[in-house]
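# Examining the three-dimensional arrangement
Listed below, chain by chain, are the residues.
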Amino acid sequence: MVEQQAAILRPETLVDEFKKNGVTHVITIPDSETNYLYELMLEQDWLDVVPISREGEASATALGLSVAGKVPVVLIQNTGMLESGDSIRGMALDAGFPLVMVVGYRGWTRRGLILDSAAKYTEPFLNAFGINYFFVENNSDGDRISTAFDEARKTRRPVVVLIGDEYHGFNR
Amino acid sequence: MIDAMDVFRAFEPHRGKAIVTSSGTSGRRWQEVSKAPSRDVSFGSTMGQTTSAAFGLALGLPDEKVVLFDSEGALLMNLGVLASIAGKKPKNFVHFLLDNEVYATTGGQPVPNSTGIDYAGVAKAVGYASAHHFDDLEEFATSVESIMKEEGPVFISIKILPEIQNMPVGLRTRTPTRSRPETIADLREELGITG
């Protein structure tokens, strides 16, 4: 039980990785699994949280911030990523700038069948768009977030970090 | 309704050093009037997302005035962005809406409820600092100077004449003349932004 608790992906790990990689803005729609992460981000004086109304806005808002010399991150759920397809195409892939998108993997499960279609279509969607992704399930995977930033900077393309801990969430 | 080119001509003397971007068929003609192309930026036209890109730019450059000439067809595809903008209250953001009531680029079919939407009313209700509406050129021309001095986010809807496109896309004149990457690179150089 103690080992399990130690392994859980901590919100502080995400925030630390953001700081390490010079993130200035997090463009996000909060969901029920990430309320503690949201509050923690709001507490950081070096970080500006940009709430949006629908996930399709995220890539374009990030593009504008990137043109301004800022370092945005998109933090959304896989359902919102699926909704954002044309924005990701036109405003992230075609625009060609480094962008890390942290995506909650709703419906993902380590064991058993994946029954949620949001999870079923997540990785095929990313493969269809040619977007590389890194899977983060627990705290020991946290350094993969920096790897994603390195790849985004090197390729000037979006790179996704899939958070496989979605159903545990960041609630208190 | 006003000719979009007259809107641009009335606005241009009051631009100052503002960064300008646009969407829609009429918005592309801003480049014919602009006297500071290195401060004009194109974000492409992805289902209403130019508005979000302009919003991001305004957030990232709080010391620069950012002006968007939006179009109602694009805005209707991304109407929630008004709340996103109102929530962050960028003081440096001036949001013009050129409302020709149609999808001009696809032959002039009307947008939903084309004549019945009070866009300025929507913007004000959603939380913009101020909102204005014009369908008379003289009234607009005498107001634009003071509007440009207002604290944002400011919203200005203007009824304009449609410039309907019926030629096949491949036969149309390409606008803007500079590509998106070129406009972005020029703007970043103008502002001294590296990285």
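Above this note sits the structure.
Notes on the structure in this doc start here. (Residues numbered from 1 in each chain as written. Chains lettered and ligands numbered in written order. Predicted model: local features only at pLDDT ≥ 70, side-chain atom pairs only at ≥ 80, totals over all residues. Heavy atoms only, no water.)

### Some thoughts on the overall build of chain B
- For chain B, the helix and strand inventory stands at 8 helices and 7 strands.
- Against the 2.2 N^0.38 benchmark of 16 Å for 195 residues, chain B shows a C-alpha radius of gyration of 16 Å, consistent with a compact globule.
- Dimensions of chain B along its principal axes, counting C-alpha atoms only, are 40 × 40 × 30 Å.
- Every one of the 195 residues in chain B was classed for burial, and the buried ones make up 51%.
- Put simply, of all contacts in chain B between residues at least 6 apart along the chain, 74% involve residues at least 24 apart.
- Element-wise, carbon and sulfur atoms account for 52% of the exposed surface of chain B, whose accessible area totals about 8,400 Å². (Helix = DSSP H or I, 4+ residues; strand = E, 2+ residues; numbered from the N terminus. Rg over C-alpha atoms; globule rule 2.2 N^0.38 Å. Buried < 20%, exposed > 50% of the residue type's maximum accessible area, 1.4 Å probe, protein only. Contact = heavy atoms within 4.5 Å. Areas by Shrake-Rupley, 256 points an atom, 1.4 Å probe, with all protein chains shown as cover.)

### Considerations on the pattern of salt bridges
- One pass over the full model with this rule turns up 21 salt bridges over all chains.
- Across the salt bridge formed by Asp141 of chain A and Arg144 of chain A, the nearest N and O atoms sit 3.9 Å from each other.
- A residue is classified by how much of its surface remains accessible, and Arg144 of chain A, at 34% relative accessible area, is partly exposed.
- Between Glu32 of chain B and Arg29 of chain B there is a salt bridge, and its shortest N-O distance comes to 3.0 Å.
- Judged by its relative accessible area of 27%, Arg29 of chain B falls in the partly exposed class.
- Taken together, the shared-partner salt bridges connect Asp86, Arg89 and Asp94 of chain A into one network. (Salt bridge = Lys/Arg side-chain N within 4 Å of Asp/Glu carboxyl O.)

### Notes on the packing of aromatic side chains
Residues and elements named next belong to chain B.
- Scanning the entire structure with this criterion turns up 14 aromatic pairs over all chains.
- Where Phe8 meets Trp30, the ring centres are 5.7 Å apart and the plane angle is 70 degrees; that geometry is what we call edge-to-face. With Phe8 in helix H1 (residues 4-11) and Trp30 in the loop between helix H2 (24-27) and helix H3 (50-60), the pair connects residues that are 22 residues apart, well separated along the chain.
- Look at Phe8 and you get buried, because its relative accessible area is 0%.
- By relative accessible area, Trp30 is classed as buried at 3%.
- Ring geometry for Phe11 and Phe69: centres 5.2 Å apart, planes at 85 degrees, overall edge-to-face. Highlighted residues: Phe11 in helix H1 and Phe69 in strand S2 (residues 66-71), separated in sequence by 58 residues.
- Looking at Phe11, the relative accessible area reads 0%, which means it is buried.
- Residue class for Phe69 comes out buried when judged on its relative accessible area of 0%.
- Joined through ring pairs, the aromatic side chains of Phe8, Phe11, Trp30, Phe69, Phe96, Phe134 and Phe140 make up one cluster. (Phe/Tyr/Trp six-rings, centres within 6.5 Å; stacked < 30°, edge-to-face > 60°.)

### With respect to a negative patch on the surface
All names here are of chain B.
- Taken together, the side chains of Asp135, Asp136, Glu138 and Glu139 make up a negatively charged region of the molecular surface.
- Relative to the assigned elements, Asp135 resides in the loop between strand S6 (130-134) and helix H7 (137-147).
- Relative accessible area serves as the criterion here: at 45%, Asp135 is assigned to the partly exposed category. (Patch = residues over 30% accessible without salt bridge, like charges linked within 9 Å, V, L, I, M, F, W, Y side chains within 5 Å. Lys, Arg positive; Asp, Glu negative; His and termini not counted. Charge placed at Lys NZ, Arg CZ, Asp CG, Glu CD.)

### Structural notes on the interface of chain B and chain A
- Every contact between the two is made by 25 residues of chain B and, on the other side, 26 residues of chain A.
- Of the roughly 1,800 Å² buried at the junction of chain B and chain A (both faces included), carbon and sulfur atoms supply 61%.
- The interface formed by chain B and chain A contains 1 salt bridge.
- The shortest N-O distance in the salt bridge between Asp48 of chain A and Lys88 of chain B comes to 2.5 Å. (Buried area = accessible area lost by both parts, 1.4 Å probe.)

### A short note on the sheet that holds strand S2 (residues 48-51) of chain A
Residues and elements named next belong to chain A.
- A sheet is described by the order of its strands in space; here 6 strands give the open sequence S2-S1-S3-S4-S6-S5, paired in parallel fashion. Every other strand in the sheet has two partners, leaving S2 and strand S5 (133-136) as the edge strands with one partner each. Neighbour-to-neighbour, the strand axes of the sheet open up by a mean angle of 20 degrees, direction not taken into account.
- Pairing geometry for strand S1 (residues 25-28) and strand S3 (residues 72-77), over 4 bridges, is parallel. (Pairing = 2+ DSSP bridges. Axes fitted to C-alpha atoms, helices over the stretch in contact; angles between N-to-C directions.)

### A short note on the pairing of strand S6 (residues 158-163) of chain A
Residues and elements named next belong to chain A.
- Within S6, 6 of the 6 residues are buried, which leaves the element mostly enclosed by the surrounding structure.
- Residues of S6 alternate between two faces, with Pro158, Val160 and Leu162 on one and Val159, Val161 and Ile163 on the opposite face, all of them buried.
- In terms of strand pairing, strand S4 (residues 99-104) meets S6 through 6 bridges, oriented parallel. When the sheet's bridge partners are listed, Val103 is paired in S6 with Leu162.

Structural measurements only, silent on function.
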